[in-house]
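Reading the structure
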Amino acid sequence: MPLVGVRSVLVLFVTAAVLAAISAPACQAAHNITAILSGRRDLAEFSRELTSTGLADDIDGRNTITVLAVDDAHMAALKARNLPRDTLRRVLSLHVLVDYYDEPKLRRLPGGSTEVSTLFQASGDAPGSAGMVEVAERRGGRVAFAPQDGGAGAVFYVRSLLQAPYNISVLQVSGVMSSPAAEAPASSPEDEPASGGLNFTDVMAKKGCGRFAGLVAATAGAAAAFEKQARDHDGGVTFFCPADKAVGAFEPAFKKLPAGDRLAVVLYHATLGHYSPQKLREDGGGDGMRMETLASLDGGKTTAGFAVRHAGDEVTLVSATRNTARVTRTLADADHVAVYMIDEVLVPFRFTGQASSPPGDGGDGHQTSGSAPAWPRRGWVASALVFVTLLAGFASG
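Residues numbered from 1 in each chain as written. Predicted model: local features only at pLDDT ≥ 70, side-chain atom pairs only at ≥ 80, totals over all residues. Heavy atoms only, no water.

Taking an unreviewed UniProt entry as the reference, the protein chain is identified by name as FAS1 domain-containing protein belonging to Urochloa decumbens. According to the UniProt record, the Function (unreviewed entry) comment for the protein chain is "May be a cell surface adhesion protein." (UniProt positions renumbered as here; feature names shortened; annotations may be inferred.)

1. Quick word on the nonpolar core
It is characteristic of soluble globular proteins that their nonpolar side chains tend to be buried jointly. One finds Met-204, Phe-212, Phe-226, Phe-239, Phe-240, Leu-317 and Val-339 to be the most contacted residues of the largest nonpolar core, which totals 53 residues. If one sorts the elements of this core by residue count, strand E14 (residues 337-342) sits on top with 6 residues. Among residues more than four places away in sequence, those in contact with Phe-226 are Phe-200, Val-216, Phe-239, Val-266, Leu-267, Ala-270 and Leu-294. The next biggest cluster of nonpolar side chains, apart from the first, holds 43 residues, and it includes Leu-68, Phe-120, Tyr-157 and Ala-182. (Core = buried A, V, L, I, M, F, W, Y, C linked by side-chain atoms within 4.5 Å. Buried < 20%, exposed > 50% of the residue type's maximum accessible area, 1.4 Å probe, protein only. Helix = DSSP H or I, 4+ residues; strand = E, 2+ residues; numbered from the N terminus. Contact = heavy atoms within 4.5 Å.)

2. Some details on the environment of Pro-165
Mapped onto the secondary structure, Pro-165 falls in the loop between strand E6 (155-164) and strand E7 (168-173). Assessed through its relative accessible area of 54%, Pro-165 is described here as exposed. The spatial distance from the C-alpha of Pro-165 to the C-alpha of Ile-65 is 9.9 Å, given a sequence separation of 100 residues. Beyond its immediate sequence surroundings of up to four residues, Pro-165 is in contact with Tyr-100 and Asp-102.

3. A short note on the pairing of strand E4 (residues 132-137)
In terms of strand pairing, strand E3 (residues 113-117) meets E4 through 5 bridges, oriented antiparallel. The residue bridging Ser-113 from the neighbouring strand is Ala-136, located in E4. One ladder, built from 5 bridges, connects E4 with strand E5 (residues 143-147); its direction is antiparallel. By the bridge assignment, Val-135 is partnered in E5 with Phe-145. Between E4 and E5, which follow one another and run antiparallel, lie 5 residues, and Gly-140 among them has a positive phi close to 85°. (Pairing = 2+ DSSP bridges.)

In structure tokens, the structure reads:
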């Protein structure tokens, strides 16, 4: 084959490789907790119970996760109690943090401690913050994990078994954590919502967003819109409910708004699509992302959105009027529905009636459903690399 032909083939090959690498979708979870634990005979019982309760599948389905593994000697006491399967699942779900923590991160906890959501909290079954675990550095540099509602006391970090930033971390701990909430009898079928899904209004009412749940119930059209989105939309829905203190401060102004504006404010706290805690952090990095909400300011022609920013472990929402709200807690993450607590009420318009835009928006605070999305930065990078590769090939040919 002539030299020029070889160069042309090489140029095409490199171009295809660049396009494939840059245009690939975001990485999905690719770990297998059963396989990870299979090499540790002293963790065999823990691994078996993760599988038998279905938690292994939940762990494998998440992109960012930390598993607190317990050895067989300490699992024996838990097994001897013969807990019902659902109760055992809730107890073990306290040992699965829905965030990434490896040894270096444990050694630099902000202020020496932090609260982390677990699969128990994310399931929506935990009352209040009972599914949260405090991670704290104790005397002598030992790192402790303790359920928020007290429970059986703290367990301590022993060693790191696997670190794959920021995908999965497996840490061995000194014992089993439990709590009264995790071991409480499961809800009866009649307590569950008729749809069989997550009852998001109950989650809000019971976990610190009772005043916002009251606004949803009192605002004509809000509850029906939320339920329709949760029930009918394949992509799911994400709720950001302001804490009771934030709603209490905003309520006097809210009551003075016209009915249509009150509905817009409430619907502005629900987004199109389900966003897990890890997806919020992944997509909110760098310049952030824009989320479209159920709210509309022009009779349903377009939707009002807000910007999402992520720095470190903190996720911040920036409204169309540039007021900000910090995500403070995961209240539930299940069945294509996620519920988060935020520390401020988001407002999609100025009280003069003129909408503003989140930073980086086109200028009118809205996005028409048919408008073309901005080209991601990786698209520009791909184009630049392809152009340079082609230019080099022609120059050498």
